[in-house]
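One-letter residues, chain by chain:
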Amino acid sequence: MDAAASTVPASVRENGFYLGMSVAIAATVIGGFGSYALRGMVDVARVPFWVHVHGAVFVGWTLLFVMQNAFAHRGPMALHRRMGWVAVGLATAMVPLGILTMSMAVVLDRVPPFFTPPIFLALSLLELLVFAALLTGAIRMRRRTEWHRRLMLCAMVAIIGPAFGRILPMPLLGPWGGLAVMSGQMLFVAAGMVHDLAMRGRVHPAYAVGAAAILVEGLAVPVLAATRPVLWLASALAG
């Protein structure tokens, strides 16, 4: 098996790794939101329409993320490039939809019970901010494949915190819930780093950027939640 693996070009093995990572991330998203989506389909009238739109766009983005990695693995690359602009359009829609869904969750008292409204707002805002920042970096680096694919992976990881929040037993974790979610996200980044070490003998600096952004995203939540603007926003929306 080792001899057979050594005959496979390194670029093919690397493409296969990122395709596998995209499938694992998609499985995490489906595992986290699958039961919620089924409940929403059964009782459509009780779920606000913008939640359905937000969910459809996010699922579309996740599936496109897998497709883009599949195109990069097996081709055609021309289609990968064209579909990249579709991904940009979906991502552009995800940010305002995320802000709307976040805000209306507080207004309609739909915040998950293991979060206070300020924590929920701070977490959602930071996730969207880090996602947008890493995605922008990936787009700007689209001609530098090594940077592009790693920043895209980290951008996707940055926004799947809510999926982990529905997989993990958050009520039992109490104040450690946020750390547990961040640890789950960092497992994906760590897998990429280990792969780099195995394939290249060093970790690409894109992972340092992505890991730092995700760590800041997770650790800054309680700090941001305690600031006056976020406390005021939570009170205004709830009131």
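All values reported here derive from a predicted model rather than from experimental measurement. (Residues numbered from 1 in each chain as written. Predicted model: local features only at pLDDT ≥ 70, side-chain atom pairs only at ≥ 80, totals over all residues. Heavy atoms only, no water.)

1. Here we look at the side chain of Ser-22
Phase 1 of the analysis: Note on placement: Ser-22 falls in helix α2 (residues 10–42).
Phase 2 of the analysis: Polar side-chain contacts of Ser-22 include one of 2.6 Å to the backbone oxygen of Leu-19.
Phase 3 of the analysis: For Ser-22, the contacting residues outside a window of four places in its chain are Phe-65, Val-66 and Asn-69. (Helix = DSSP H or I, 4+ residues; strand = E, 2+ residues; numbered from the N terminus. Polar contact = N/O pair within 3.5 Å; in protein donor to acceptor, adjacent residues only side chain to side chain. Contact = heavy atoms within 4.5 Å.)

2. Quick notes on helix α3 (residues 49–74)
Phase 1 of the analysis: An ideal rise of 1.5 Å per residue puts 38 Å on 26 residues; α3 measures up with 37 Å between its terminal C-alpha atoms.
Phase 2 of the analysis: Of the residues one or two after α3, Gly-75 is the one with positive phi, at around 85°. (Expected span 1.5 Å × (residues − 1).)

3. A look at the packing of aromatic side chains
Phase 1 of the analysis: Applying the stated criterion across every chain yields a total of five aromatic pairs.
Phase 2 of the analysis: Between Trp-61 and Phe-131, the ring centres sit 5.6 Å apart and the planes meet at 85°, which makes this aromatic pair edge-to-face. Here Trp-61 is found in helix α3, whereas its partner Phe-131 is found in helix α5 (residues 117–140), with 70 residues between them in sequence.
Phase 3 of the analysis: Using a relative accessible area of 2% as the deciding quantity, one classes Trp-61 as buried.
Phase 4 of the analysis: Between Phe-114 and Phe-115, the ring centres sit 4.9 Å apart and the planes meet at 70°, which makes this aromatic pair edge-to-face. (Phe/Tyr/Trp six-rings, centres within 6.5 Å; stacked < 30°, edge-to-face > 60°. Buried < 20%, exposed > 50% of the residue type's maximum accessible area, 1.4 Å probe, protein only.)

Any functional reading would require information beyond the geometric quantities listed.
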